[in-house]
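Understanding the architecture of this molecule
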Amino acid sequence: MKFFIDTAEIDEIEDLLKTNMVDGVTTNPSLIAKSGKDIKETISKICQLISGPVSAEVTAITSSEMVEEGKILHAIAPNVVVKIPLTWDGLEACNKFYNLKIPTNVTLCFSASQALLAAKAGATYISPFIGRLDDSGIEGVELIGQIRSIYDNYDNLNTQILAASIRNTNHIIQVAMLGADVATIPPKILKDLIKHPLTEIGLENFLKDWETTGQKIR
Ligand code: E4P
């Protein structure tokens, strides 16, 4: 399973790259707005740091304008994945990018039927939003299982499931069990993955006992 980080903050990306756990990055217009930085400069900087897929989202509404914007974003670096909203215009643009061999991430997916359409349009990634479904009173992770079953039924549906809107470490375990190809994870939650109180207490006790021996390894 691949881990992407869901951020537009350069320092957070640099910090997490040290873990060697980061396979890619996703951004969206809200994350760019929060960073206060220029989208093209930010995407360019991220692509200098990481060779894996970096999603940059179009903000146009019509298919032709999405294609124009997507081409500009993809021209920043070869690893830029064009992120497109799940609308009919978005699917049309997605299909154009498929024919141009430009990778896409179809975003704002909240149902299995939407995911089926995105795969038929040739999306490289589909982004089901787990946390936002939970917020609306629907069990978000169940959608990952539904999409996995559908995609696995057909050899010609090769879209990768990119679990998005992750809110806690349990979401990551659940989507991994259900066969998501990728999870895009906020930096803090990726760091939380390693935490367990018994590991911390266990290490503290090992070190205390070791001190009583007076020994040194180096
Ligand atoms: C990633 O591609 C999505 O834009 C992101 O995961 C959305 O997360 P949120 O629901 O926490 O904003």
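To keep things clear, this report deals only with the structure shown in the data block. Please read these numbers as outputs of a predicted model, since none were measured by experiment. (Residues numbered from 1 in each chain as written. Predicted model: local features only at pLDDT ≥ 70, side-chain atom pairs only at ≥ 80, totals over all residues. Heavy atoms only, no water.)

The secondary structure content of the chain amounts to 11 helices and eight strands. Dimensions of the chain along its principal axes, counting C-alpha atoms only, are 70 × 40 × 30 Å. Counting every position in the chain, which comprises 218 residues, the buried fraction comes to 45%. Contacts in the chain between residues at least 24 apart in sequence constitute 57% of all its contacts with a sequence separation of at least 6. (Helix = DSSP H or I, 4+ residues; strand = E, 2+ residues; numbered from the N terminus. Buried < 20%, exposed > 50% of the residue type's maximum accessible area, 1.4 Å probe, protein only. Contact = heavy atoms within 4.5 Å.)

Inspection of the entire model under this criterion finds nine salt bridges. Between Arg-148 and Asp-152 there is a salt bridge, with its nearest N and O atoms 3.2 Å apart. With Arg-148 and Asp-152 both in helix H8 (residues 140-152) and four residues apart, the pair spans about one turn of that helix. Residue classification places Arg-148 among the buried positions, given a relative accessible area of 16%. (Salt bridge = Lys/Arg side-chain N within 4 Å of Asp/Glu carboxyl O.)

As a further point, take the site of the ligand. Close contacts around the ligand come from Asp-6, Thr-26, Asn-28, Lys-83, Phe-129, Arg-132, Ala-164, Ser-165, Arg-167 and Thr-184, and that covers them all. Take Lys-83: an N or O atom from its side chain is 2.6 Å from an oxygen atom of the ligand. Here the ligand, which alone exposes 340 Å², has 85% of that area covered by the protein. Put simply, the ligand lies in the largest pocket. Residue composition of the shell around the ligand, by class: two nonpolar, four polar and four charged. (Near = heavy atom within 4 Å. Polar contact = N/O pair within 3.5 Å; in protein donor to acceptor, adjacent residues only side chain to side chain. Areas by Shrake-Rupley, 256 points an atom, 1.4 Å probe, with all protein chains shown as cover. 1 Å grid on protein atoms, 1.4 Å probe; cavity = no way out; pocket = protein on both sides within 12 Å on 5 of 7 lines; lining within 4 Å. Sits in = over half its atoms within 2 Å of the grid points. Nonpolar A, V, L, I, M, F, W, Y, C, P; charged D, E, K, R; others polar.)

Working definition: an aromatic ring pair is given by the centre-to-centre distance plus the angle between the planes. Counted by the stated rule, this structure contains two aromatic pairs. Aromatic side chains Phe-4 and Tyr-125 sit 5.8 Å apart centroid to centroid with 75° between the ring planes, which places their arrangement in the edge-to-face category. Placement of the pair is Phe-4 in strand S1 (residues 2-6) and Tyr-125 in strand S6 (residues 125-128), with a sequence separation of 121 residues. According to the relative accessible area criterion, Tyr-125 is buried, its value standing at 5%. (Phe/Tyr/Trp six-rings, centres within 6.5 Å; stacked < 30°, edge-to-face > 60°.)

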